[in-house]
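Summary of the model geometry
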Amino acid sequence: MTEQHPKDPTKLYHPDKFHKQYQEAPGIQSKMDPKPDCGEESYKGNDKMVGRKALVTGGDSGIGRAAAIAYAREGADVAINYLPEEQSDAEEVKALIEEAGRKAVLIPGDLSEEQFCIDLVTKAHQELGGLDVLTLVAGKQQAVEDIMDLTTEQFRKTFEVNVFSLLWVIKTALPLMPKGSSIVTTTSVQGYNPSANLLDYASTKFAINGFTRSLSKQLAPKGIRVNAVAPGPIWTPLQISGGQPSEAIPAFGQQTPLARAGQPVELADVYVFLASNSASYVTGQIYGVTGGTELA
Ligand code: NAD
Ligand code: MG
């Protein structure tokens with residue numbers, strides 16, 4: 001047994017300023033400095049998901065990577081989706097899943113295309129030999145200061161990736177998922193208290209809140225639970241590839257009560273809890289991991 005000393009949450013990870021950095025979206029995690037902590041070294045499993053079959057979108061990096069690593073260390077076989085440009089990040093995750101002794105399936109492709117969403121679920125189900133956890137983490141976020149500069153193209157794409165893909169993926173998956181399966185979506189503090197420069201993105205997160213709660217009521221009688229995770233500011237490629245203006249990167253996260261950005265690994269336990277049988281009486285809920293910012 002390892003002794004668990006209390007750790008001051010205001011002092012963990014990177015409480016100081018980040019240096020300014022920018023990459024083209026979607027951003028490659030291995031090129032970030034510091035690299036996000038997705039539990040590569042630290043996450044320890046406790047057999048909570050042995051034999052489960054999980055599809056994680058956005059599983060190459062950031063929060064999705066933390067969920068994918070944790071699921072594998074809890075005993076699940078894991079398929080991850082990401083964009084083709086992110087292949088190198090995805091290969092790192094594949095190696096980590098395999099090191100945990102589980103099957104890893106890599107399925108690159110664009111979630112804004114309905115046919116791809118159908119093919120993704122079909123392939124994940126086939127290659128995993130089943131599907132009982134659907135963890136939908138992928139998201140698009142590009143800050144635009146003025147509505148006059150927000151193009152129809154960006155507005156549409158943000159909704160397609162963040163909201164429409166949920167419809168397409170879940171409609172394909174449901175007939176394949178047994179009772180006891182779990183669906184976990186990913187919303188944001190932006191789905192409660194929207195920033196001025198995230199008009200399209202914040203709107204999609206409000207939509208995800210409604211989608212998740214409505215669907216949970218529809219699927220409860222079918223024995224499938226549906227919940228969401230609402231992260232606050234987390235150090236990931238999303239933020240340094242246009243999610244925030246570059247000037248906002250150094251102090252990213254410092255406005256939260258805990259006065260620092262979170263790391264993806266700090267969400268891993270919540271994704272595991274919601275996916276696993278531990279959450280058997282939990283559906284229609286939105287779990288905040290926000291550094292103390294209220295979801296209201
Ligand atoms: P991330 O960049 O590591 O993950 C986002 C992933 O979305 C990318 O890795 C990419 O694979 C995927 N993606 C984007 N467009 C896609 C497309 N068209 N097709 C397929 N995949 C696509 O960043 P992250 O912060 O870990 O983001 C994960 C989720 O967390 C997102 O839904 C985001 O909105 C949410 N979130 C993040 C924060 C934060 O501060 N980082 C805060 C609140 C919510
Ligand atoms: Mg990525």
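Labelled according to an unreviewed UniProt entry, the protein appears under the name NAD(P)-dependent dehydrogenase, short-chain alcohol dehydrogenase family, originating from Pisciglobus halotolerans. Under Sequence similarities (unreviewed entry), UniProt gives the following word-for-word description of the protein: "Belongs to the short-chain dehydrogenases/reductases (SDR) family."

Considerations on the coordination of the magnesium ion (ligand 2)
Every protein donor of the magnesium ion (ligand 2) is accounted for by Asp60 (OD), Ser61 (OG) and Glu86 (OE), and the metal-donor separations fall at 2.1 to 2.2 Å. Each donor residue of the magnesium ion (ligand 2) lies on the same chain, and together they follow the pattern D-S-x24-E. Taken together, the positions of aspartate 60 in the loop between β1 (53–57) and α1 (62–73) and glutamate 86 in the loop between β2 (77–82) and α2 (87–99) put the pair 26 residues apart, joining distant regions of the chain. The exposure class assigned to glutamate 86 is buried, which follows from its relative accessible area of 6%.

Examining the packing of α1 against helix α7 (residues 268–275)
It is the contact of α1 with α7, at a shortest axis distance of 9 Å, that shows an interaxial angle of 60 degrees. When the interaxial angle is binned, α1 and α7 end up oblique. Handedness of the crossing formed by α1 with α7: right-handed. Along the contact surface, α1 presents Ile63, Ala66, Ala67, Ala70 and Tyr71, while α7 presents Ala268, Tyr271, Val272 and Ala275. Partitioning the contact of α1 with α7 into residue classes produces 9 nonpolar, no polar and no charged.

Side note on the site of ligand 1
Neighbouring ligand 1 are 30 residues; Ser61, Ile63, Glu86, Tyr201 and Thr236 lie closest to it. One of the side-chain nitrogen or oxygen atoms of glutamate 86 is found 2.5 Å away from an oxygen atom of ligand 1. Between a nitrogen atom of ligand 1 and a side-chain N or O atom of aspartate 110, the distance comes to 2.9 Å. Starting from 800 Å² of accessible surface for ligand 1 in isolation, the protein chains cover 96%. Breaking the shell around ligand 1 down by element, the ones donating at least two residues are α1, β2, α5 (199–219) and α6 (237–243). Among the elements that make up the shell around ligand 1, the one with the highest residue count is α6 (3 residues). Per-class residue counts for the shell around ligand 1 are 14 nonpolar, 12 polar and 4 charged.

Thoughts on α2
Over its 13 residues, α2 runs 18 Å from end to end, which matches the ideal 18 Å to within 8%, given 1.5 Å per residue. Along α2, the residues classified as buried are Asp89, Ala90, Val93, Leu96 and Ile97. Each buried residue of α2 lies within a common arc of 120 degrees when the element is viewed along its axis, so the set occupies one face. Contacts made by the buried residues of α2 are with α1, β2 and β3 (104–108). Just downstream of α2 lies glycine 101, where phi reads positive at about 85 degrees.

Describing the pairing of strand β4 (residues 133–136)
Of the two faces of β4, the one lined by Val133 and Thr135 and the one lined by Leu134 and Leu136 are each fully buried. As paired strands, β1 and β4 are joined by 4 bridges and run parallel to one another. The partner of leucine 55 across the bridge, within β4, is leucine 134. When β4 meets strand β5 (residues 182–186), the two strands line up parallel, connected through 3 bridges. Counted as the bridge partner of valine 133 is serine 182 from β5. Note that the unit made of β4, helix α4 (residues 152–173) and β5 has a crossover that is right-handed.

Thresholds, definitions, all that
- Going along each chain's sequence as written, the residues are numbered from 1 onward.
- For naming, the first written chain is A and the first written ligand is 1, with later ones following in the order written.
- Totals for whole chains, interfaces and linings use all residues, but because this is a predicted model, local features are given only for residues with pLDDT of at least 70 and pairs of side-chain atoms are given and counted only at 80 or more.
- Note: side-chain values were computed over all heavy atoms of the structure, leaving out hydrogens and water.
- UniProt positions are given in the numbering used here, feature names are shortened, and annotations may be inferred rather than shown by experiment.
- As a rule, N, O and S atoms within 2.8 Å of a metal are its donors, except that Na, K and Ca use 3.2 Å; water is not among the atoms, so sites may look incomplete.
- Numbered from the N terminus, helices here are DSSP runs of H or I no shorter than four residues, and strands are runs of E no shorter than two.
- Note on exposure labels: buried denotes an accessible area under 20% of the residue type's maximum, exposed denotes more than 50%, and partly exposed covers the range between, all computed with a 1.4 Å probe on protein chains only.
- Geometry is summarised by axes, namely lines fitted to C-alpha atoms with helices restricted to the contacting stretch, and by angles between N-to-C directions that run from 0 to 180 degrees.
- Geometric relationships in this document are graded by angle, where less than 35 degrees denotes roughly parallel, more than 145 denotes roughly antiparallel, 65 to 115 denotes roughly perpendicular, and other angles denote oblique.
- Each helix crossing is assigned a hand: it is left-handed if the near helix lies turned anticlockwise from the far helix by less than a right angle, otherwise right-handed if that turn is clockwise.
- Contacts between residues were defined by any pair of non-hydrogen atoms, one from each residue, lying within 4.5 Å.
- Only Asp, Glu, Lys and Arg are considered charged in this grouping, and only Ala, Val, Leu, Ile, Met, Phe, Trp, Tyr, Cys and Pro are considered nonpolar; every other residue, Gly among them, is considered polar.
- Nearness is judged by heavy atoms alone; a residue qualifies as near a molecule or strand once a single heavy atom is within 4 Å of it.
- Polar contacts here mean pairs of N or O atoms no more than 3.5 Å apart (in protein, one a potential hydrogen donor and the other a potential acceptor; neighbouring residues in sequence count only if both atoms are side-chain atoms).
- Here the open area of atoms and residues is found with the Shrake-Rupley method and a 1.4 Å probe, where only the protein chains shown may cover a residue.
- Residue count minus one, scaled by 1.5 Å, sets the expected span of a helix.
- Think of the arc as the fan of directions from the helix axis to the C-beta atoms.
- Strands are treated as partners if at least two bridges between them are detected by DSSP.
- With strands facing away from the observer, any crossover in which the path from the first strand over the helix to the second runs clockwise is taken as right-handed.

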